[in-house]
Amino acid sequence: MSELDDPGDGKSKKKRGRPGRPPAPNKKPRKSPLEKCPMGVQRGRKANGMAQQNGEGDPVTLFEVVKQGKSAMQSVVDDWIESYKQDRDLALLDLINFFIQCSGCKGTVRIEMFRNMQNAEIIRKMTEEFDEDSGDYPLTISGPLWKKFRYNFCEFICVLIRQCQYSIIYDEYMMDTVISLLTGLSDSQVRAFRHTSTLAAMKLMTALVNVALNLSINQDNTQRQYETERNKMVGKRANEKLELLLQRRKELQENQDEIENMMNSIFKGIFVHRYRDAIAEIRAICIEEIGVWMKMYSDAFLNDSYLKYVGWTLHDRQGEVRLKCLKALQNLYTNRELFPKLELFTNRFKDRIVSMTLDKEYDVAVEAIRLVTLILQGSEDALSNEDCENVYHLVYSAHRPVAVAAGEFLHRKLFSRHDPQAEEALAKRRGRSSPNGNLIRMLVLFFLESELHEHAAYLVDSLWESSQELLKDWECMTELLLEEPVQGEEVLSDRQESALIELTICTIRQAAEAHPPVGRGTGKRVLTAKERKTQIDDKNKLTEHFIMALPMLLSKYQTDAEKVANLLQIPQYFDLDVYSAGRMEKHLDALLKQIKFVVEKHTDMEVLEACSKTYSILCSEEYTIMNRVDIGRSQLIDELAERFNHSVEELLQAGEEADDDDIYNVLSTLKKLTAFHNAHDLTRWDLFGNCYRLLRTGIEQGSMPEQIAVQALQCSHYSILWQLVKITEGAPSKAFMLLCDLLMIFSHQLTTGSREGLQPLVFNPDSSLQNELLNFILDHVFIDQDDENQSIEGDEEDEANKIEALHKRRNLLAAFSKLIIYDIVDMPAAADIFKHYMKYYNDYGDIIKETLSKTRQTDKILCAKTLILSLQQLFNELIQDQGPNLDRTSSHVSGIKELARRFALTFGLDQIKTREAVATLHKDGIEFAFKYQNPKGPEYPPPNLAFLEVLCEFSSNLRCTLHSYLEKFMTEQMMERREDIWLPLISYRNSLLTGGDEDRMSITSGSSTRCLKVSSHGLFCVWCRGSAEESVESSWMMRNDTLQTPGALQTPQLTSTVLRENPRQAAEHLPEQNSEPGSESDYVHKRGLMEDDAEPIFEDVMMSSRGQLEDMSEEFEDTMVIDLPPSRNRRERAELRPDFFDSAKIQFYEKKKSLFTSLCSIVFI
């Protein structure tokens, strides 16, 4: 039985020249040092072996030095060797503690333990001192420092053995101690010990293999020198040199035996146990290193006794380990000289390697395909046809790395020319300019035989990196399609020609776009400068070739619909500037002529659409050839339109007596016009008129053929769409305004005033339409604009444009806000508006504040829920950006709290009327704060607990009730916690428990000072001091709100710019200056949302940075209406033209509902 089939413990017969002796019998007892170094000889070290740092804080332990990596590893090892020569025990103690500390253990081996305890006892003691709270240790901790530490750790071991290879490793003390320690650690139950010691032992083994290789080379050289000297004549032979060579050879042999014993100890004591370890990382280390040994010292390790471990591990359940196996084998199969030694292994494990090309881990599958490719390169007979076919189909894989690797295999197997010179000579004899004719034929045959014809783009992409020269040989492809086959060549069949054209199109696309086809890759990556240059060169090359070749190809295949449709895709990849730059207009005329012939001969829609698309590409305005192409297109459409009009007249005149020719004439021309109308604006030919006549005749008489009716409908559809494009192009805002006006017109208020008969016309927008309206506002209103102060001084045009843009955005927001106020759009939608109050205060603060005031009049409780919802949305957005551990002192959190404070001021001072609304707001906030539990456990605060700090801004006289509601969500542990992370809960409880200690508030603003006193009964007495002018101008704040509920509201002012009347005429309808403040007309005209936005009267206390209250009246109702502060933007908005509409001019027609539906589709297509 072969050793490859033996899954045993790895035991094998002892053979000379490789490890084979067990460690225990050959391990000699550790000798005590003869001399002891006195205390203090080694700097920074105590007699007990404990490391310490010098006064400057420099690292003195090996672990610290290696971890920081500031010193060259050569000097570090030299220092250790010097200390070893002075005191072996202390130096070895350093090395032992190095391995212990590299495992993450906090314990330290002392000199007494080293001298008096066995390795097993030392390891047991270190295990007890291991920090088990954390599962991380240096080899698993992420970060650049620890990644560098792993490299330094491995390098230290390699340099240590290299520097000690001439003397110290043969002293039967240092290596025995280290190997014994690593063997014990590798058998530990602690993963950190096992992982670290296995890595150290494998790197130690690799270093020893390198030493053994050098010894073997020296032995061979010494043996040759000895043989040469011995073969000399007796008189010329130097006996002393022979004795020296014999002594040298004996010494090298002894060293070789000693090294082999060490390697055998590591291999049998560590490798054969750890390559089957439960941890995948440890198994991967073992397989990676054995691959290095076999490649480095193939004479000793590249045999079945060691290869079997790699073969068995190919079946490992972890992809990481399988990947290491494949890479180790790739290093071996790359060297063709090693193939004879790998023959038995290849035969035994070939099937497994081939099956791994379908591995569930894509990285493993890619490496398996590459390994199969190496096996194919080494011996073509090693793989059967079935094995190759298993790899062939992977060129169609959706995963690009797998497909590219399979393409490399396919290229090596089928498309590599064995004798390029002979093929070039044959091509010249046949009159071909390229020797790739046979290879392209083979590619076509492979594509057809794969029976996956729709995946030509995938096949080309798979071969692009390995066979790019072949795939870019468009001259050869064109020769095969255009020229007749010479003697000895087979004629391409019709199927082969179609396949070749399809492959050619795919190669052109790949070269021009320089990215994989759809389905291969996540998206377009940014090309490097070299790739970009290659792309430009390829595009120029294919353009220059096919500009001349394409008309000839179309001429040859103009009757074949499938081939023509594919060939007409080529111009979209052209660099059209080449036509004018290269003076190739005659080839453009030839192309247009051929396209015109194709249009005249074909009625297949795929071909006609390809022609239409080609004309559309060639008519691009950025190219100088546009005029020439436009003339040809217009001539073609003129002919088709004239023929269509004539045939329609004949068909309609014939009526029921129309024959098949009349029907065919109409249908064929209508198909062509419809195909062109899809991509071209043919409005000036008025095709809609005759299409409408055909449809009307079909409806009235019922004798119109179905195909004609379908094409007429399609053509009419395109005509309407082109008209709509002209109407709505660049005017989505107008359509939005019209839609808002129509929603207002056809709302539930339509039936008020004894107009119940209009109930069928009432339209209530569903949630989907409401979301679309809201999204439109968020996308077009709340957008970041450049700072207007950055505009050039004196640039009045730029300033006017900014004012006009702001005016339009305000109109949009006002139109949507009216829908919310009049209960046409659900009030919770206003949360997305309210949350922008602070950020966009200068632009829309007055509109948002007015909306808030009117919605509170409609429903106080629902308005309060909307306010808290807006704050919750801002809080959730902050959590998503910054994570659950919020910095409560950050500006973002302060901004949310400031917004909450200003929302709280809008509730006014009469807490009796707002008690229920405020209580509802608090309850929703409390539920949100305790909605989710912390996944770490109940001892940690809920993720949303910080929201309670925001809720503190709304604390009021409802304290007792709210406190009892809060306690329902709190546990006993929460009540006792006092850590910083629980401060939001503590602060909120205190805000609810604190009584009315603060009974007086003084507010100062400018030259006016007002004092607000709170009585014990909760009633407010206000003393105001200010100018009489301020009192008059602020009288609107003291008005009694007379607006009714939304159902009783009067018809609001419309916002559509289409229905807007002349501003000068509108000024005549303005109310008189003495109109009653607060009346309906005052709201509609003077304080409407589409207002002229004159300079405000008072500074808004909501925007006061010092929390001041100003202009408070003794007479107010349930809410406090606060005006806005003067600002730069508001002064500019005073220059905007007013928006006034005469609602009496709007008529209600039954056709309004269909117009409303059309506008919906226009806005949101």
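Quick notes on the rules
Residues numbered from 1 in each chain as written. Predicted model: local features only at pLDDT ≥ 70, side-chain atom pairs only at ≥ 80, totals over all residues. Heavy atoms only, no water. UniProt positions renumbered as here; feature names shortened; annotations may be inferred. Helix = DSSP H or I, 4+ residues; strand = E, 2+ residues; numbered from the N terminus. Buried < 20%, exposed > 50% of the residue type's maximum accessible area, 1.4 Å probe, protein only. Polar contact = N/O pair within 3.5 Å; in protein donor to acceptor, adjacent residues only side chain to side chain. Patch = residues over 30% accessible without salt bridge, like charges linked within 9 Å, V, L, I, M, F, W, Y side chains within 5 Å. Areas by Shrake-Rupley, 256 points an atom, 1.4 Å probe, with all protein chains shown as cover. Salt bridge = Lys/Arg side-chain N within 4 Å of Asp/Glu carboxyl O. Lys, Arg positive; Asp, Glu negative; His and termini not counted. Charge placed at Lys NZ, Arg CZ, Asp CG, Glu CD. Axes fitted to C-alpha atoms, helices over the stretch in contact; angles between N-to-C directions. Parallel < 35°, antiparallel > 145°, perpendicular 65-115°, else oblique. Contact = heavy atoms within 4.5 Å. Left-handed = near helix turned anticlockwise from the far one by under 90°. Nonpolar A, V, L, I, M, F, W, Y, C, P; charged D, E, K, R; others polar. pLDDT = per-residue confidence, 0-100. Expected span 1.5 Å × (residues − 1).

- Going by what an unreviewed UniProt entry lists, the protein is known as Cohesin subunit SA and is assigned to Cyprinus carpio.
- What UniProt records for the protein under Subunit (unreviewed entry) is the sentence "Part of the cohesin complex which is composed of a heterodimer between a SMC1 protein (SMC1A or SMC1B) and SMC3, which are attached via their hinge domain, and RAD21 which link them at their heads, and one STAG protein."
- Quoted straight from UniProt, the Function (unreviewed entry) entry for the protein says "Component of cohesin complex, a complex required for the cohesion of sister chromatids after DNA replication. The cohesin complex apparently forms a large proteinaceous ring within which sister chromatids can be trapped. At anaphase, the complex is cleaved and dissociates from chromatin, allowing sister chromatids to segregate."

## Remarks on the side chain of Ser397
Part 1 of the argument: Mapped onto the elements of the fold, Ser397 is located in the loop between α17 (385–392) and α18 (400–415).
Part 2 of the argument: A relative accessible area of 17% means that Ser397 is categorised as buried.
Part 3 of the argument: Polar side-chain contacts of Ser397 include one of 3.2 Å to the backbone nitrogen of His399.

## Re a nonpolar patch on the surface
Part 1 of the argument: On the surface, Phe688, Tyr692, Ile720, Leu721, Leu724 and Ile727 cluster together into a nonpolar patch covering about 540 Å² of accessible area.
Part 2 of the argument: Only α32 (687–701) and α33 (706–728) provide two or more residues apiece to the nonpolar patch.
Part 3 of the argument: The element contributing the most residues to the nonpolar patch is α33, with four residues.
Part 4 of the argument: One can find Leu724 in helix α33.

## So, a negative patch on the surface
Part 1 of the argument: On the surface, a cluster of negative charge is contributed by Glu562, Asp604, Glu606 and Glu609.
Part 2 of the argument: In this structure, Asp604 sits in the loop between α28 (585–601) and α29 (605–618).

## Some points on the packing of helix α38 (residues 841–858) against helix α39 (residues 860–882)
Part 1 of the argument: It is the contact of α38 with α39, at a shortest axis distance of 6 Å, that shows an interaxial angle of 135 degrees. On the basis of their axis angle, the class for α38 and α39 is oblique. Here Leu852, Thr855, Arg856 and Thr858 of α38 lie close against α39, whose contacting residues are Lys860, Cys863 and Leu867.

## As for the packing of α28 against α29
Part 1 of the argument: Packing of α28 against α29 leaves a shortest axis separation of 10 Å and a crossing angle of 150 degrees. Taken together, the axes of α28 and α29 lie roughly antiparallel to each other. Between α28 and α29 lies a crossing of left-handed hand. In this structure, α28 contributes Leu588, Leu591, Leu592, Ile595, Lys596, Val598 and Val599 to the contact, and α29 contributes Val607, Leu608, Cys611, Thr614, Tyr615 and Leu618.
Part 2 of the argument: Tallied by class, residues from the contact of α28 with α29 come to eleven nonpolar, one polar and one charged.

## Overview of the confidence of the model for the protein
Part 1 of the argument: The predicted model of the protein averages 77 in pLDDT, with 75% of residues at 70 or higher.
Part 2 of the argument: Confidence drops under pLDDT 50 across residues 787–794; counting only partners more than four residues distant or on other chains, this segment forms eleven contacts.
Part 3 of the argument: Long-range and interchain partners of residues 995–1159, a stretch whose pLDDT sits below 50, account for 296 contacts in this model, where long-range means more than four residues apart.

## Overview of unusual backbone geometry
Part 1 of the argument: Even without being a glycine, Glu172 presents a positive backbone phi close to 60 degrees.
Part 2 of the argument: Relative to the elements of secondary structure, Glu172 occurs in the loop between α7 (144–164) and α8 (174–186).
Part 3 of the argument: Judged by relative accessible area, Glu172 falls into the partly exposed class, the value being 21%.
Part 4 of the argument: Residues other than glycine seldom take positive phi values, yet Asp823 does so here, at roughly 60 degrees.
Part 5 of the argument: Turning to its location among the elements, Asp823 is positioned in the loop between α36 (796–821) and α37 (831–834).

## Observations concerning the pattern of salt bridges
Part 1 of the argument: In this structure the tally under the stated criterion is 35 salt bridges.
Part 2 of the argument: For Lys324, the salt bridge goes to Glu288, with nearest N and O atoms at 3.6 Å. Of this pair, Lys324 sits in helix α14 (residues 319–333) while Glu288 sits in helix α11 (residues 280–296); the two residues are 36 residues apart in sequence, bridging distant segments of the chain.
Part 3 of the argument: For Lys324, a relative accessible area of 27% translates into the label partly exposed.
Part 4 of the argument: The closest approach of N and O atoms between Asp359 and Arg322, which form a salt bridge, is 3.0 Å. Within this pair, whereas Asp359 is found in the loop between α15 (339–355) and α16 (362–378), its partner Arg322 is found in helix α14, the two being separated by 37 residues in sequence. Arg322 shares its class with Asp359; the two are buried.
Part 5 of the argument: Each of Arg400, Asp461, Glu465 and Arg520 takes part in a single network of salt bridges with overlapping partners.

## Description of helix α13 (residues 304–313)
Part 1 of the argument: Within α13, ten of the ten residues are buried, leaving the element largely enclosed by the surrounding structure.
Part 2 of the argument: Buried residues along α13 sit in contact with α10 (239–274), α11, α12 (298–301), α14 and α15.
Part 3 of the argument: The residue sitting at the N-terminus of α13 and contributing the capping side-chain oxygen is Asn303; that oxygen lies 3.0 Å from the backbone nitrogen of Ser305.

## Some words on α14
Part 1 of the argument: Compared with an ideal rise of 1.5 Å per residue, which puts 15 residues at 21 Å, α14 spans 21 Å between its outermost C-alpha atoms and is within 8% of the ideal.
Part 2 of the argument: Gly319, Val321, Arg322, Cys325, Leu326, Ala328, Leu329, Gln330, Leu332 and Tyr333 are the residues of α14 that are buried.
Part 3 of the argument: Elements that come into contact with the buried residues of α14 comprise α11, α13, α15 and α16.

## Thoughts on the environment of Leu95
Part 1 of the argument: By the element assignment, Leu95 lies in helix α4 (residues 88–102).
Part 2 of the argument: Ignoring anything within four residues of it in the chain, the contact list for Leu95 reads Leu62, Trp80, Phe156, Leu160 and Val178.

## Quick look at the side chain of Thr346
Part 1 of the argument: Examined against the element boundaries, Thr346 turns out to sit in helix α15.
Part 2 of the argument: Each residue touching Thr346, except ones within four places of it in the same chain, is listed here: Tyr333 and Ile375.

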